[in-house]
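# Results of the structural survey
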Amino acid sequence: MAEIGHFALILALGVAIAQTVLPVIGYLRRDSRWLAIGVSGAQTQFGLIVLAYAALTLAFIYNDFSLKYVEANSHSALPLIYRLSAVWGAHEGSLLLWVLMLTGWGFAVSLSSRRLPADIAALVLATMGSISVGFLLFMLFTSNPFERQFPVPLEGHDLNPLLQDPGLIIHPPTLYMGYVGLSVAFSFAIAALITGKLDVAWARWTRPWTTTAWLFLTMGITLGSWWAYNELGWGGWWFWDPVENASFMPWLVGTALIHSLAVTEKRGVLKSWTVLLAILAFSLSLLGTFLVRSGVLVSVHAFATDPARGVFILAFLTVVLGSALLLYAIRAPKLVSDGAVELMSREGLLLLNNVFLVAAAAAVLIGTLYPLVVDALGIGKISVGPPYFNSIFLPLMMPLAVLVGMSARVGWKQARLRDALWSLRWIALGSVICAVLLPFVLERSWAWMAILGTALAVWVMIGALLDVVHRVRARRDRWQGLRSIPSGTWGMTLAHLGLGFWIFGVTYASLFSVEKDVRLAPGQAAEIGAYTFTFQGTQHSEGVNYRADTGSVIVERNGRLISKLQPEKRLYPSQGSVMTESAVDHNPRRDLYVALGEPIGDQDWALRLYYKPFIRMVWFGGVLMFIGGIFAASDRRYRLARHARAAAASDATAAV
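This section reports on the structure supplied with the text. What you are looking at is a predicted structure, and each value in this text was computed from that prediction instead of being measured.

### Re the overall build of the chain
- In terms of helices and strands, the chain carries 23 helices and ten strands.
- Referenced to the eigenvectors of the C-alpha coordinate spread, the extents of the chain come out at roughly 85 × 75 × 55 Å.
- Evaluated residue by residue, the chain yields a buried proportion of 57% over its 656 residues.
- Contacts spanning at least 24 positions in sequence make up 73% of the contacts within the chain whose residues lie at least 6 apart.
- Within the structure as shown, the chain displays about 27800 Å² of accessible surface, and the carbon and sulfur contribution to it stands at 65%.
- The centroid of the 50 positive side-chain charges in the chain is displaced by 15 Å from the centroid of its 39 negative side-chain charges.

### Focus on the sheet that holds strand β9 (residues 590-600)
- Pairing within the open sheet is antiparallel, and its four strands lie in the order β1-β10-β9-β8. If you trace the sheet from one side to the other, it starts and ends with β1 (514-520) and β8 (583-587), each paired once. When the angles between neighbouring strand axes are averaged without regard to direction, this sheet yields 15 degrees.
- For β9 and strand β10 (residues 604-613), the ladder comprises nine bridges, and the chain directions are antiparallel. Each residue of the ladder has a partner; that of Leu592, found in β10, is Tyr611.
- Here helix α9 (residues 200-231) sits on the sheet in contact with β8, β9 and β10, set at roughly 45 degrees to β9.

### Thoughts on the nonpolar core
- Formed by 168 residues in total, the largest nonpolar core has its most connected members in Leu9, Leu56, Phe188, Trp202 and Val275.
- If you count residues domain by domain, this core takes at least three from each of domain 1 (1-159) and domain 2 (514-616).
- Leave out the neighbours within four places in its chain, and Trp202 touches Phe188, Ala189, Ala192, Lys197, Leu261, Thr274 and Val275.
- Residues Ala526, Tyr531, Phe533 and Leu607 belong to the second largest nonpolar core, which totals 18 residues.

### Here's the deal with the packing of aromatic side chains
- Applying the stated criterion to the full structure yields 29 aromatic pairs.
- Both rings, one in Tyr229 and one in Tyr593, keep their centres 5.0 Å apart while their planes meet at 55 degrees; by these two values the pair is tilted. You can see Tyr229 sitting in helix α9 and its partner Tyr593 sitting in strand β9, a full 364 residues away along the chain.
- The class of Tyr593 is buried, set by a relative accessible area of 0%.
- Grouped by ring-pair contacts, the aromatic residues Trp214, Trp238, Trp240, Phe248, Trp251, Tyr388, Phe389 and Phe393 constitute a single cluster.
- Here the basic side chain of Arg29 rests over the ring of Trp34, its NZ or CZ set 5.2 Å away from the ring centre.

### Here we look at the pairing of β10
- For β10, the buried fraction is high: eight of the ten residues fall into the buried class.
- As paired elements, β1 and β10 share seven bridges and run antiparallel to each other. Bridge assignment links Leu520 to a residue of β10, and that residue is Trp605.
- Adjacent in sequence and paired antiparallel, β9 and β10 are bridged by three residues, among which Gly601 carries a positive phi angle near 80 degrees.

### Let's talk about the environment of Val506
- Structurally, Val506 can be placed in helix α20 (residues 487-512).
- Each C-alpha atom, one on Val506 and one on Arg616, is 9.5 Å from the other, the two residues being 110 residues apart in sequence.
- Those residues within four positions of Val506 in sequence are excluded, and the remaining contacts are Trp237 and Val618.

Calculation notes
Residues numbered from 1 in each chain as written. Predicted model: local features only at pLDDT ≥ 70, side-chain atom pairs only at ≥ 80, totals over all residues. Heavy atoms only, no water. Helix = DSSP H or I, 4+ residues; strand = E, 2+ residues; numbered from the N terminus. Buried < 20%, exposed > 50% of the residue type's maximum accessible area, 1.4 Å probe, protein only. Contact = heavy atoms within 4.5 Å. Areas by Shrake-Rupley, 256 points an atom, 1.4 Å probe, with all protein chains shown as cover. Lys, Arg positive; Asp, Glu negative; His and termini not counted. Charge placed at Lys NZ, Arg CZ, Asp CG, Glu CD. Pairing = 2+ DSSP bridges. Axes fitted to C-alpha atoms, helices over the stretch in contact; angles between N-to-C directions. Core = buried A, V, L, I, M, F, W, Y, C linked by side-chain atoms within 4.5 Å. Domains from an automatic or database assignment. Phe/Tyr/Trp six-rings, centres within 6.5 Å; stacked < 30°, edge-to-face > 60°. Lys NZ or Arg CZ within 6 Å of the ring centre and 35° of its normal.

Purely geometric numbers; function is a separate question.
Encoded structure:
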């Protein structure tokens, strides 16, 4: 099967080259037959990559240790579910997953290509084909998952124990769907720049694809945060680690892009800005993917360790970003907006929203790359951590939250400042009341940061709900008014509610969390606030491919049993790795978190105890944003436009 998989990659490369070149020739010659090759090429390429992926999966299932990649990331004792997820657990397999997702998006675009003008569809698929060419070359020449080795080892090295978690099964594919999905928006932007067709119809074609990619990226980041919190034993939900930042940067720019697309579709303005955001969003996803999987973030000397891989990474990034920006510089001045943007209007506030999001992404980019650049130049080693990111990021996000609450209550084109402020009076009043009461009621505190965070969270949530309320009250039949609200509006409401819950969770988890490192013998107890943690000792247990010391911790409040937690310290013999499995008791109000440290003496153990108020709101907010994205992407207004698109496509094909 390995030979079949390798041959499928080679064939896919040939098809990708044809998918890239022939439709462009068709566009230049105005030949519809050549234009149509992009569709068949995208579908054929997807089938070949599915075959290659299936071959690698079978190699993991049957422990084919003749493949270097399988031997390095699997073991005969590894449970089947983790053998399946180990396919994308390291660099080579993750690239194959990347290409599978890319060709999957291309396949989806090819199925809907009949709704697009023939030249637009051909150029979109040609652009996606060119990206496939780069990835397939990178995989075949520097990162081939089907490379064999002789003699064949009797046993594998096993999957990294950190990745032997249910989070690995769903987190990387979800995140990669978002990463790669931004290639569709990028490809539509390139097609628009080449043809000069950047109008309301273009924004409507691009918007559901971009929203779909964004919702997957949102859920991928949320799952990654949840996985790190539960698996790593450090009790945090975000550490500004470069790996986290690599996914957060395209999310920030992608969020700006979906708002800018809304403006372009509604008002026909911000055309050049929208195209630039599409280019930057995908370029950042490329940068993040390669940084994470090339080893650069572990050490910049990874370029020296594998110079072929490093050079290819830099060359590919340069070609993609450089050629896109060159085309933008040549063609963007010809993209004339249909009107002006007034600052006191919904489109004006959304533009300000974009500015803050892009500035935040730039700040994260600088903080992520600067230490790598300094180290690569031999100047020295520096560390950029949470203090930098918090001091830069938070001041940018506070006015952004204010704008989110305002924009839903301000009309398109132009609004009077006095009318806009008057319409926000109830939002402001509710925010002030909640900001004064909630911190004291929930945490017995009037810390000014808690008041500010609560005010911003409530401001965003009330602003989102009032938009729905006003739409319903505008109809005599309230039920009919509720039913008439488009799913896109429901999506916006849910996403903004999610942002409000996220702000609330971040505020309270950051300000009121309590952490305590203790040394306990069996029968001893430690207290955090009103909770008493009593350590009852450890027991030895055996897993499928690990040995564990399982602790027992009784949690009580005022003598009443709350929970019995069982944190673990696991040893994986195949790699000699020791891992921590935390134990958490949670409800919407708080988390009680215990991580087992190291044994001290005969029976004493080091334990780390946490009290985390409202931390679940962080992930609940992410889930609401994801659901909101589903509603927005499935808006029936896009389906109602299908006949108009089909007619436009037919006209374009006839003209060719």
